[in-house]
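# Observations on the model geometry
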Amino acid sequence: MPRKGMRSICFNSKTASFSISRHSSPARTSVSIGTPRRSFSDSMIDQSIEAATALITKWNPETSAYAKVTSLFYESKKEAMQFIKCVNDLQKSMHAMVSEDSTSEKLVQAQNLMQLAMKRLQKEFYQILSMNRAHLDPESVSARSSRASARSSTSDYDDDGDEEVRNAGDSIDEVEEVSSIAMSDLRSIAECMISSGYAKECISIYKIIRKSIVDEGIYRLGVEKLSSSQINKMDWEVLDRRIRDWLEAVKISMTILFNGERILCDHVFAGSDSIRESCFTEISKEGATLLFGFPELVAKSKKNSPEKMFRVLDMYTAISNNWMEIDSIFASESTLTVRSQALTSLVKLSDSVRSMLSEFESTIQKDSSKSRIHGGGVHPLTLHAMSYLSLLADYSNILGDIFADWPPPPRSSLPESYFDSPHPDDSPSPAISMRVAWLILVLLCKLDGKAEHYKDVSLSYIFLCNNLQHVVSKVRTSNLQYILGEEWIARNEAKVKQFVANYERLLWGQVIASIPENPKAVISPAQAKEIFRKFNLTFEETRRKQSSFVVTDPKLRDEIKVSIATKLVQLYREFYDTHRPTLGGERNVGVFVRFAPEDVGNYLSDLFFGTTDSASTSVSSLSSSSHRRDSRSRA
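Model, not experiment: these values are computed from the prediction.

### Re helix 21 (residues 554-579)
For helix 21, spanning 26 residues, the distance from its first C-alpha to its last is 36 Å, which sits close to the expected 38 Å at 1.5 Å a residue. A maximum bend of about 35 degrees is found in helix 21 at Ala565. For helix 21, the full list of buried residues reads Leu556, Arg557, Ile560, Lys561, Ile564, Leu568, Val569, Leu571, Tyr572, Phe575, Tyr576 and His579. Measuring from the side-chain oxygen of the N-cap residue of helix 21 to the backbone nitrogen of Lys555 gives 3.2 Å; that N-cap residue is Asp553.

Pasting the structure below:
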């Protein structure tokens, strides 16, 4: 008849579940994992029970004050291994007795010994986990595993390496020895308890202690449970700090915290996939879900604006770059919710980026400022937009993923002439290239409208020239060059040159036209005087009109000066050298010939700094110096 009060805990390795029952026979041992049935002689059974009785009773904390305060595994590793062997032999004997006589007194005695042994091993398992928190922390476990892999990968090489390196390795090995011993002991105890049918007790202890370590690690990394309302109420500075903490937390969590916990769990419970996954899931699932849930809250918050996009992209990058580790560490079906949360955050972050970029485009289109920039300089909208886009280009790979399946921008709101794309219709450009090119087109179209606010058409060309040059320069000196390509840059540099040509034609064309196409042609002194007079008038008028003009790019400024000088100074010099002597010593010749060729060249060198007063002073002083030279030549 079954005896009352004896408990059996059965572990189902397929379902990772446990059942508890009470009956007289030691049935819990009959369902242990993978124990083969063997026939034992009575003498072998007696020997195993006798050996187990001696060692298990010695370490029974209820009957021995020494056993109560002393750790078996710390006191004597040899005796601890003997203890494990005795328990395993006792288990085999119990299997043999169950098959022969399930009501024998020896079986009852063995069952009682087994319960005492399991209590001892529970105590040892708890002590090793508790006392080695520092040596079994995820960082130590991860580092130990990495170095073990590194040693394994170099084991085939010659051992003629540097002695210093070898000594350093020995020092590291000494530091790792404690954690290695602890991990080995935990595995021995876990295998013994699970094979004896006490999986539930072993797993419960492990889960409680290790989960507290993971939860504490997540908290120390600055990751807390927050609600959407809490995120929305935060000042941006506070939220930005939390995002920065989260970025660091993801890095540490994936390389150390969860990776180390995965390694430890896999080692301790190497004998059972289901137990291993069950333990790791319960230990890490809550912390990992909390970690990867934060970006979703940020993505859905009301604080997102184009200026905040870069933090959102940082979070997207962090998850994307760690996706292989996420997929590997949380690979099981039981941790599917962690992978799903990380993927949901990626989707929400990408939606947020698209929304913010659309808002950025809308901000450009809605800019209604009509104020004219002094001297036709670079508009603040251009400065802001290109600074933003150049920073955005640093995330080109991530943006390529985000915009891969996003519809291209509509053409309807811009003139068809803006769509001279370098990409043929049958070879569309990457989505991110099209999107960035579109945003720049929106900006340039807006700038065209702002150029119309200038009453002086030549100044409007300087304005367009400055702004497009700034755009091209920003593209050339940032990662935008790789997104848009050399052909885009060349095409827009050609547009800058066209704006310059239009400016020169409108403003300096009259000055150049005042000099005959053939400056050396024979003409009368009276005709020469008239030509000099027209040149003086048109040159001074042009000087006054563009004295405040600005060209912000130094290289472009010099190029424009050289271009004007090449067309004007050489032509004027030939006319001057040919016809100035024909005026001879006429009185008041300075009234007719106010500028020598050198004066014109010197004046042109002062162009495009936007300083009206200095320009007036320069022209006045130049004409005075020309008059003095004429006076000296007459003398």
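Further notes follow.
### Describing the side chain of Ser460
Relative to the helices and strands, Ser460 is located in helix 18 (residues 457-476). In this structure Ser460 touches Ala451 and Tyr454, once residues within four positions along its chain are discounted.

### Remarks on the environment of Glu277
Here Glu277 shows up in helix 11 (residues 273-299). Through-space distance from the C-alpha of Glu277 to that of Arg262 is 9.2 Å; in sequence the pair is 15 residues apart. The contacts of Glu277, once residues within four sequence positions are left out, are Arg262, Ser332 and Ser334. A polar atom in the side chain of Glu277 sits 3.0 Å from the side chain of Ser332.

### Focus: the packing of aromatic side chains
Within the structure shown, the criterion is met by 23 aromatic pairs. One aromatic cluster is present, formed by Trp508, Phe532, Phe535, Phe539, Tyr572, Phe575, Tyr576, Phe595 and Tyr603 through successive ring pairs. Just above the ring of Phe280 sits the side chain of Arg262; from NZ or CZ to the centre is 4.2 Å.

### Some points on the side chain of Ser274
Its location among the elements puts Ser274 in helix 11. In terms of polar contacts, Ser274 uses its side chain to reach the side chain of Ser272, at 3.2 Å.

### A closer look at the nonpolar core
Phe125, Phe269 and Trp508 are the most contacted members of the largest nonpolar core, which totals 170 residues. Ignoring any residue separated from it by four or fewer positions in sequence, one finds Trp508 in contact with Tyr503, Phe539, Thr542, Gln546, Ile564, Leu568, Tyr603, Leu604 and Leu607.

### Some details on the environment of Ser340
Its place among the elements puts Ser340 in helix 14 (residues 336-366). What makes Ser340 partly exposed here is its relative accessible area of 34%. Remark: the alpha-carbon pair of Ser340 and Gly293, spanning 47 residues in sequence, is separated by 10.0 Å.

### Re empty space enclosed by the protein
Following the criterion strictly, the structure yields one cavity of 30 Å³ or more and no others. For the largest cavity, the calculated volume is near 40 Å³. Gly222, Val223, Glu224, Leu226, Arg242, Trp246 and Phe294 are the residues that line the largest cavity. In terms of residue class, the lining of the largest cavity is made up of four nonpolar, one polar and two charged.

### Here we look at the packing of helix 14 against helix 17 (residues 431-451)
Axis separation between helix 14 and helix 17 bottoms out at 9 Å; the angle between their running directions is 15 degrees. The pairing of helix 14 with helix 17 is recorded here as roughly parallel in orientation. Of the two possible hands of crossing, helix 14 and helix 17 adopt the one that is left-handed. Of helix 17, the residues touching helix 14 (which contributes Leu357, Phe360, Glu361, Ile364, Gln365 and Lys366) are Arg435, Trp438, Leu439, Val442, Leu443 and Lys446. Of the residues in the contact of helix 14 with helix 17, the class split is seven nonpolar, one polar and four charged.

### Thoughts on the packing of helix 14 against helix 15 (residues 380-392)
Here helix 14 crosses helix 15 at 160 degrees, and the two axes come no closer than 11 Å. Comparing the axis directions of helix 14 and helix 15 gives the class roughly antiparallel. Helix-helix and strand crossings are classified by hand; for helix 14 and helix 15 the assignment is left-handed. Note on element contacts: helix 15 touches helix 14 through Leu381, His384, Ala385, Tyr388, Leu389 and Leu392, opposite Leu357, Phe360 and Ile364. Grouping the constituent residues of the contact of helix 14 with helix 15 by class yields eight nonpolar, one polar and no charged.

### Focus: the confidence of the model for the chain
It should be kept in mind that the predicted coordinates are not to be read in detail where pLDDT is low. Taken over all residues, the pLDDT of the chain has a mean of 82, while the share at 70 or more is 80%. With pLDDT under 50 throughout, residues 164-169 is counted as low confidence; its partners more than four residues away or in other chains account for three contacts. Taken together, the stretch residues 613-635 has pLDDT below 50 and engages in 33 contacts with residues farther than four places along the chain or on a different chain.

Reading the values: the criteria
Residues numbered from 1 in each chain as written. Predicted model: local features only at pLDDT ≥ 70, side-chain atom pairs only at ≥ 80, totals over all residues. Heavy atoms only, no water. Helix = DSSP H or I, 4+ residues; strand = E, 2+ residues; numbered from the N terminus. Expected span 1.5 Å × (residues − 1). Bend = angle between axes of the 7 residues up to and from the residue. Buried < 20%, exposed > 50% of the residue type's maximum accessible area, 1.4 Å probe, protein only. Polar contact = N/O pair within 3.5 Å; in protein donor to acceptor, adjacent residues only side chain to side chain. Contact = heavy atoms within 4.5 Å. Phe/Tyr/Trp six-rings, centres within 6.5 Å; stacked < 30°, edge-to-face > 60°. Lys NZ or Arg CZ within 6 Å of the ring centre and 35° of its normal. Core = buried A, V, L, I, M, F, W, Y, C linked by side-chain atoms within 4.5 Å. 1 Å grid on protein atoms, 1.4 Å probe; cavity = no way out; pocket = protein on both sides within 12 Å on 5 of 7 lines; lining within 4 Å. Points joined across faces, edges and corners; volume = space filled by probe spheres on them. Nonpolar A, V, L, I, M, F, W, Y, C, P; charged D, E, K, R; others polar. Axes fitted to C-alpha atoms, helices over the stretch in contact; angles between N-to-C directions. Parallel < 35°, antiparallel > 145°, perpendicular 65-115°, else oblique. Left-handed = near helix turned anticlockwise from the far one by under 90°. pLDDT = per-residue confidence, 0-100.

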